[in-house]
Amino acid sequence: MNDKKIRFTVPNFVNEITFRDIENFDIKINSFFNRLFTSSYTNVDKYPFKKSSDNKKIQFNLNKKNKLIYENLLPKNMIQNESEYFRDLIRTYISQPHYKRERKIFYSEYESIQKSIQRKEEILITHMGNDYIVEPYFFKVTSEEKNNFLFCWIYGKEEYGVFNLSRISKVISIRFRKNKRYLDLDYIDKVHKNFDPFLSYGNIVKIKLTDLGKAWFKRINHYKPTLIKIEGDIYYCESSDRKAILYFSRFYEEVEILEPFSLRKKIKTLLEDTLSQYR
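Reading guide: rules and limits
- Residues numbered from 1 in each chain as written.
- Predicted model: local features only at pLDDT ≥ 70, side-chain atom pairs only at ≥ 80, totals over all residues.
- Heavy atoms only, no water.
- Helix = DSSP H or I, 4+ residues; strand = E, 2+ residues; numbered from the N terminus.
- Rg over C-alpha atoms; globule rule 2.2 N^0.38 Å.
- Buried < 20%, exposed > 50% of the residue type's maximum accessible area, 1.4 Å probe, protein only.
- Contact = heavy atoms within 4.5 Å.
- Areas by Shrake-Rupley, 256 points an atom, 1.4 Å probe, with all protein chains shown as cover.
- Phe/Tyr/Trp six-rings, centres within 6.5 Å; stacked < 30°, edge-to-face > 60°.
- Pairing = 2+ DSSP bridges.
- Axes fitted to C-alpha atoms, helices over the stretch in contact; angles between N-to-C directions.
- Arc of directions from axis to C-beta.

Q: Any chance you could break down the overall build of the protein chain for me, citing the residues and the numbers?
A: A count of helical and extended segments in the protein chain gives ten helices and eleven strands. In terms of overall size, the protein chain is more extended than a compact globule, its C-alpha atoms giving a radius of gyration of 24 Å where 279 residues would be expected to give roughly 19 Å. Overall size of the protein chain, expressed as C-alpha extent along the three principal axes, is 70 × 55 × 35 Å. Buried residues in the protein chain amount to 42% of all 279 residues. Restricting the contact set of the protein chain to residue pairs at least 6 apart, pairs at least 24 apart contribute 69%. Counting only carbon and sulfur atoms, one obtains 49% of the accessible surface of the protein chain, whose full area is about 16500 Å².

Here is the structure:
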């Protein structure tokens, strides 16, 4: 049995959202549509469609397993127009918020991890080509990123960590625990209530801002650390090192990292490395 070639046209805005997600999820078009079909083939809403010169053609191969499902679906759902069905499938998909779309495409990984959370199992995950044995606690969605982040304990590193769902390519449950359970319920609860994918909770960064830097701090919100208090030109923020570097690197000479010293040293090294490229 061969794969089935699917072709259909969609409005331009549907095409743009679809391929933006494919790029963001770093996934091939065939894998994207087969994953979407597997998770959503029974939940397809109807949408009007108007032929236009601005419409875009989408083409992919439905794999053997999904081809069989589709062929069995035809008589049960009275599908008469193939293009219409797949157009409605993708229209139903893009009508949802980004975090729900991510869960549709990575439905298998998401559901497997959720079951392991309920069973309090360890799992082996592959994240961006690297394997980790982790104890998963919860998924959280941030208003800024609009992605699904898994918060867990990473045994090999002996530290808490966060993984983006769309970068997890494999999930294997470990039914019989190999590790002593590490559980700090108070910390986990606080991270859940004040979630930040950079795990900034409890990390204080002390900085000095110029007047222009203060104005930028008020205006620039992307990756913005949580402000704790202000003492004149000195600002105290809750932020991980990584988040502070991403945010304050845009401030140039309008900011000075004072504490912690380890972060100040990192910033100094990054600036020296950058300067060396211009010598």
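Q: Requested: an account of the packing of aromatic side chains, with residues and values cited.
A: Applying the stated criterion to the full structure yields 33 aromatic pairs. Between Phe33 and Phe60 the ring centres are 4.6 Å apart and the planes differ by 15°, which places this aromatic pair in the stacked class. Taken as a pair, Phe33 in helix 2 (residues 29-40) and Phe60 in strand 2 (residues 56-62) lie far apart in primary sequence, 27 residues in all. Since its relative accessible area comes to 1%, Phe33 is described here as buried. According to the relative accessible area criterion, Phe60 is buried, its value standing at 2%. Here Phe37 and Tyr41 contribute two aromatic rings whose centre-to-centre distance is 5.2 Å and whose plane-to-plane angle is 25°, an arrangement assigned as stacked. Judged by its relative accessible area of 24%, Tyr41 falls in the partly exposed class. Among the aromatic residues, those joined into a cluster by ring pairs are Phe8, Phe32, Phe33, Phe37, Tyr41, Phe60, Tyr70, Tyr85, Phe86 and Tyr93.

Q: Can you break down the sheet that holds strand 5 (residues 148-154) residue by residue, with the values?
A: Strands sit in the order 6-5-4-3-7 across an open sheet of five strands; the sheet is antiparallel. The sheet terminates laterally at strand 6 (159-164) and strand 7 (168-174), the two strands that pair on one side only. Mean inter-strand twist for the sheet, computed between neighbouring axes without regard to direction, equals 45°. Direction of pairing for strand 3 (residues 122-127) relative to strand 4 (residues 130-141): antiparallel, over a ladder of five bridges. Each bridged residue has a counterpart across the sheet, and for His127 the counterpart in strand 4 is Asn130. Its contacts with the sheet place helix 5 (residues 98-105) against strand 4, strand 5 and strand 6, and it is angled at close to 65° to strand 5. Along the sheet face, helix 7 (residues 185-193) touches strand 4, strand 5 and strand 6 and points at about 60° away from the line of strand 4.

Q: Now, about helix 8 (residues 211-219): what can you tell me, with residues and values included?
A: Along helix 8, the positions that sit buried rather than exposed are Gly213, Lys214, Trp216 and Phe217. All buried residues of helix 8 project into a common sector of 160° when viewed along the axis, lining one side. Projecting away from the buried face of helix 8 at angles above 90 degrees are the exposed residues Asp211, Lys218 and Arg219. Of the surrounding secondary structure, the elements contacted by the buried residues of helix 8 are strand 8 (204-209), strand 9 (226-231), strand 10 (234-238) and helix 9 (241-248).

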